[in-house]
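Chains, contacts and geometry: an overview
Here are the chains, one letter per residue:
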Amino acid sequence: MIINIACSARVGLAQSPSNPILDIATWQERLEPNQVEILNTLDELQHHPDIIVKVVPELSAILANGNDATQKLAIRCLEHAGPLPEPTLNLLIETLDHREFGLRFIASQTLRKLGPQVVPKLKIALAAKSPRVRANALVTLNDLITIDIATLDKLQQDPDERVRVVLPRIWLKHGKVGTQKICELTTDSAITVAIAAVRALQYNDSDPEIAVAYLRETVQRPDTYEESVQALTSLGIHAKPAIPDMLSGLRESEIDRDVHRGFDSNVHKALTYIGPARVEDLQRLKESLTFPHPLTQELTANLVGRMGPAATSLAEDLRDAALHNARETKRLKEQEALILDENRRHDFSELNNRYGMACEQSCQSYWRVTRDISKTMALIEQVVTILAEPMFYFDECEFATPEDANVLSTWMQSDNPNLSFTAAEMISKFPISSLTPNQLDTLQNTRGLRWKLKEIATRKSDPIWRAHLLRWTEKEYYSGRLSIHDLADFVKEERLSEPDFLSILRTNIIIGDTYTKTSCLNALATFSVSEADRTEMILQCVRENPDQRRAALEIFLSQEKFSAEQIRFAAVSLSNSDPYTVCKALSLLAKAGPDSISSLEAIKKTPNPNQKSQVRNFEALKLIAICSIENQKIEHQSELVTIFDLTEKEDVNAINLLDDIGARSEFFLPEIERNIGQVLYLRENRRHYLLPALEVLAFIRNDRAANLLQSFENDRDWCVQRYVKHLKRFRETGEHVYFDSEDF
Amino acid sequence: MQSTNPSVPFLFLTFAVFFYSEGYSQSHFHGKHISGSVGFEGYVWYEDREYEYEEGILKVPTEEERDNIAVEWNLPTVDPLDRFCTLSGTLRTKNSKGLLIPIYWQQMIAVHLAIKAGVQPDWTRGTDFRTAMGEVAMVQQDGTFEVILELNNCKPRLGELRELQAGISLPQQTVRRKGNLMIEYRSSAPVLDNSLTILQIPAPAEIPPILREIARVSHFPSDDAHAVHLIQVANSLRQLGKDEALKALEQYQELSMVEGYPRQTRILCALALSIFEPADPEMSMILLNGNFSGIAERALSQQGDVSTRREWPRFPIEIVDGMPWLYSSDYQDLLFDSYSKDHLKWFRQHCIIRETPLKPVKNPLEAVESMLKEPRFQQLDPNHRRESEKLLKRQAYSMVRDLFPPLPLDDVDEPEVESHWDNLFSIAKSSALYWSEDEQAYKLKSSIKP
């Protein structure tokens, strides 16, 4: 229908050819309210070019006279029209000069889709008066054909930056010639063009040397610094000659990013990626070591360190830098303490940290270039004395030798705790087996180093360190510095093996104090130990400590099935004087069902341990247990009431237990159902039985139970109504919803 | 373009009162804030607060003490953009020897500042929106107080004598059940005679006029800072050229990085996106990142994707028919807040200033009608579409509201443009609206047929 409207409008247009402008206006007036909708529909008909081609004249009219919305849609429709008449093509080219760049972009996309038919027009448009047309024609044409070098050369002289700015990526297609041209554009007077050229250079792989030569210039200019660093990073090892330039040009923005925003600057990443600097650049790097900002010093020190002994000539400079930065850190720290403004203090501390990092990096690099641990430790001693604190940040020392470890182990026994701490930190970065077990044990006794060594040991996968950790753990545990919880955490964090942990548990479950024993039992409850092991250990614990009986029963209750030994244990527990222990035992036996038949007599004879105790429903629990074991029907209403009473008051396990019984013994259900009906009707005044009763009903899968449940849907109590609704959902979907008792 | 509807400044002021008093009283007040409400009735504003009462710190002054209160005003200050005026002073009372000493208890006050310079309105029966703006404050135990008032809606024009009457009134304080203290501010409470004074608001700092113009539209989009205002400022900026325009935006950013300019980035983003376009026709102008919904999600999910860039080329602003529009999103504040100095740098490095000034080519209501029928809006989920529709229609109406008959008074709270849209649209179509380039505003050729 919409097409009909469009076409009929076209007919109307054709009938009055005398005044086309007026006609277009008439057409638009007639269609205006629906114009956008019609265009939308046409756009959706993109797979029917035969239809769209019929309305090309109308689309052209809109393109010439429409508003932004309709023009945009018309351009999109023309995309599907196939070959277009020349006037329409001209209009599309004209749209490349639209005042809004969004529309220019859409027009350019459409021209691209129209394919080769637009190439001659675009070639002409390259010489158009409007720079917008020239620039858009250029990018469009570039997608359709390879533009010849002569044309591009001419465009390189274009007075408008919009044309020049697209040239770098077009030149990329032209190999070495193109690279040279891009490089020329890096010095363009327009910043947009220079940046586009620098960005293009990172994709250039035909002549990286010349690209790097130009990037060494641009990286010195503030406007193009960041893009140049990125481009150099892409050029990888080819960019080595530019490293000193990158460092000397380090901009505030980079420092800001690295120092204040907490993530690595681009130059930081670039240096990591490009690799060690060249030996011939050492002299320039030496200058960077004295640059005012600590970030430059830190990065330079890192770079020099990575060069290893090749950079020995800079050892003294690194030493000076380390001492200078240590003194600066100290000075700033003193100043920082005087600053009251929290924000300022924070900024200050950031800078201060940076000096600290530069200092540590210099020390580390000093070691890397000299490979002399004694000299390095002498320097570190000076630094640590100035700083009055240890040093933390060391990279992996893959070059360190066992002799170095020997030297360090001596330093680790230093009287200065900061120094021994730093030495320990350094040794932790050594390759494996740098220290012998004996050395470790000796160091273990060094003042202040015990925890440090433990901390290092937990980080290392080296067998010597692992063994040390175990020895340490046992020692610490028996000296009372660790609890079972700590050990359990160690196991979770894989710092302690499970067999080791279990052996500790096994010992402590017998000899530990009450608290330790309870902890051991709790640990056993949560640990994935084999069932037999667990039972054995628990029973062993209880044999030695009868007061742990309840805890043991609780652990067993978390299981689904029980071993004969566990059932026997529960039966014996029935004679316990603690009512809660007896309740747990009953629960376990009830849950075990017919398996605990041997305990039936014991259950029947179990006296109520304390009538006045809080366990008010002891009898009910007993009844449940008996019924569960004998698979027996509950015949008396009073007994049911007792169970409901239990479920109402014994809030922890009773409902679950009842559910358990209901679910296990199908033949219980009709009886419960019949009795529930009576309870509900006869004892209207005892509403508090209702909720547990209803819950039991939800388990009974027959119509009568359903009807009974249904009859409570409109109960006068809204809590009951809500509950019934939940239960019905449970019946239908089996989706068990946890009801918070506070909800009701 | 002065607002003809008196409700808007009032509404704004009410929120300003709420905003600033929260900031000040909460930080210095010893009692624990329990509840509060704020609003206005007619031209009178009110604010109620309930605090846990702490004996010895707060007190309810006696009649005599109230009568003896006098104010020693400090010289007011204004921020460089001349938008916020800080009034401060010391509350004093007479001691037994008749000497004026700073009050020795924590006292709540409302500070009033006249809207018009050179007049001395009668405030014996309190103030209202027609004569004064107000702000609540907590006087500290040393008797000092400080309030910040936004001059945006009612500041004297440049060149006018900036002498404004000021005074304070005391709220009603009652100790309630459970010992809570109820503080009821009413702008209708009489202003204390002893506090009345004429304050000389200092002349604003010498800053380039363009910065003041930017500050004027910093509430964009709102009834007081709509697209017409934005076009005016954007065109002024455009005339300065790329470097100067960016310099102005950076300067504004520096100056507005103080308390009280919570949405300073919004206007920077709106202006930069309006006056710049990428030098490279292929470059995307969408600079934001994050997890958003609605249009933002579509625009940001595939920033490099051609189809997205076709749809939302400079999200969250777009120039349609020569007018800048802001698309709606729940997260618009978040979006704008993520604009930063780095973005201005991006404009410097990758953009050129637009070749032609912004110039609306049709009436804004019609532009919105067409825009909303576009597939990109139709494809949004209904909630987001409705939200965008509401915001765009509101922006369109704000641009021409001074030329239209005011909306019915029952919409005074927040005029529901949508419910009157059809009517407004037909008025807009029938009235010959045109854009006057000289005045940089919409004008009417013929009278409106209601």
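Residues numbered from 1 in each chain as written. Chains lettered and ligands numbered in written order. Predicted model: local features only at pLDDT ≥ 70, side-chain atom pairs only at ≥ 80, totals over all residues. Heavy atoms only, no water.

Digging into the overall build of chain A
- A tally of helices and strands in chain A yields 45 helices and zero strands.
- Burial statistics for chain A: of 744 residues in total, 55% are counted as buried.
- Of the contacts made within chain A by residues no fewer than 6 positions apart, 66% connect residues no fewer than 24 positions apart.
- Summed over all atoms, the accessible surface of chain A reaches about 33,900 Å², with 51% contributed by carbon and sulfur. (Helix = DSSP H or I, 4+ residues; strand = E, 2+ residues; numbered from the N terminus. Buried < 20%, exposed > 50% of the residue type's maximum accessible area, 1.4 Å probe, protein only. Contact = heavy atoms within 4.5 Å. Areas by Shrake-Rupley, 256 points an atom, 1.4 Å probe, with all protein chains shown as cover.)

Some remarks on the interface of chain B and chain A
- The interface is formed by 38 residues belonging to chain B together with 41 residues belonging to chain A.
- With both chains or domains summed, chain B and chain A bury close to 3,400 Å², and 48% of this area falls on carbon and sulfur atoms.
- Linking chain B to chain A there are nine salt bridges.
- E374 of chain B serves as the salt-bridge partner of K72 of chain A, at 3.2 Å between the closest nitrogen and oxygen.
- For the pair chain B and chain A, the number of links is 10 residue pairs in polar contact (both at pLDDT 80 or more). (Buried area = accessible area lost by both parts, 1.4 Å probe. Salt bridge = Lys/Arg side-chain N within 4 Å of Asp/Glu carboxyl O. Polar contact = N/O pair within 3.5 Å; in protein donor to acceptor, adjacent residues only side chain to side chain.)

Side note on the packing of aromatic side chains
All names here are of chain B.
- The final tally for this structure, using the stated rule, is six aromatic pairs over all chains.
- Between the aromatic rings of W435 and Y442, the centroid separation amounts to 5.3 Å while the plane-to-plane angle is 80°, which identifies the pairing as edge-to-face. Per residue, the accessibility class of W435 equals that of Y442, and both read buried.
- Grouping aromatic residues by their ring pairs yields a cluster made of F276, W346 and F347. (Phe/Tyr/Trp six-rings, centres within 6.5 Å; stacked < 30°, edge-to-face > 60°.)

Observations concerning the sheet that holds strand β10 (residues 163–169) of chain B
All names here are of chain B.
- If you trace the four strands from one edge of the open sheet to the other, you get β8-β7-β10-β13, paired in antiparallel fashion. With partners counted over all chains shown, the strands left at the sheet margins are β8 (132–139) and β13 (197–200), one partner each. Averaged over neighbouring strand pairs, the angle between their axes works out to 35° when direction is ignored.
- The sheet contact formed by β10 and β13 spans four bridges and is antiparallel. Counted as the bridge partner of Q165 is I198 from β13. (Pairing = 2+ DSSP bridges. Axes fitted to C-alpha atoms, helices over the stretch in contact; angles between N-to-C directions.)

Overview of unusual backbone geometry
- At A388 of chain A, a position not held by glycine, the phi torsion is positive, near 60°.
- Topologically, A388 of chain A is positioned in the loop between α25 (373–387) and α26 (402–412).
- For D321 of chain B, which is not glycine, the phi torsion reads 50° and is therefore positive.
- Here D321 of chain B shows up in the loop between β15 (317–320) and β16 (323–326).

Let's talk about the packing of helix α36 (residues 564–573) of chain A against helix α37 (residues 579–592) of chain A
All names here are of chain A.
- At a minimum axis separation of 8 Å, α36 and α37 run at an interaxial angle of 140°. In this view, α36 runs oblique relative to α37, as classed from their interaxial angle. You can see that α36 and α37 cross each other, and the crossing is left-handed. Contacts between α36 and α37 involve Q566, I567, A570, A571 and S573 on the former and, on the latter, T581, V582, A585, L588, L589 and A592.
- Across the contact of α36 with α37, the residue classes break down as eight nonpolar, three polar and no charged. (Parallel < 35°, antiparallel > 145°, perpendicular 65-115°, else oblique. Left-handed = near helix turned anticlockwise from the far one by under 90°. Nonpolar A, V, L, I, M, F, W, Y, C, P; charged D, E, K, R; others polar.)

Description of the confidence of the model for chain B
Residues and elements named next belong to chain B.
- Looking at chain B, pLDDT values average 76 and 74% of them are 70 or higher.
- Element-level pLDDT for chain B is lowest in helix α1 (residues 7–28), with a mean of 32, against a maximum mean of 94 in helix α4 (residues 227–240).
- The model gives residues 1–29 a pLDDT under 50, and that stretch makes 68 contacts with residues more than four places away or in other chains.
- This complex was scored by the predictor with a pTM of 0.64 and an ipTM of 0.73. (pLDDT = per-residue confidence, 0-100.)

Description of the environment of P281 of chain B
- You can see P281 of chain B is positioned in the loop between β14 (276–278) and α7 (294–301).
- Separated by 70 residues in the primary sequence, P281 of chain B and C351 of chain B place their C-alpha atoms 10.0 Å from one another.

Concerning helix α22 (residues 294–307) of chain A
Residues and elements named next belong to chain A.
- Helix length check: α22, at 14 residues, gives a terminal C-alpha distance of 20 Å against a target of 20 Å (1.5 Å per residue), a fit within 8%.
- In terms of burial, α22 is a largely internal element, 12 of the 14 residues being buried.
- Among the residues of α22, P294, L295, T296, Q297, E298, L299, T300, A301, L303, V304, G305 and M307 are the ones counted as buried.
- At the C-terminal side of α22, G308 shows a positive phi close to 65°. (Expected span 1.5 Å × (residues − 1).)

A word on the side chain of E227 of chain A
- Mapped onto the fold, E227 of chain A is located in helix α17 (residues 225–234).
- R199 of chain A provides the closest opposite charge to the buried, unpaired E227 of chain A, separated from it by 4.4 Å. (Lys, Arg positive; Asp, Glu negative; His and termini not counted.)

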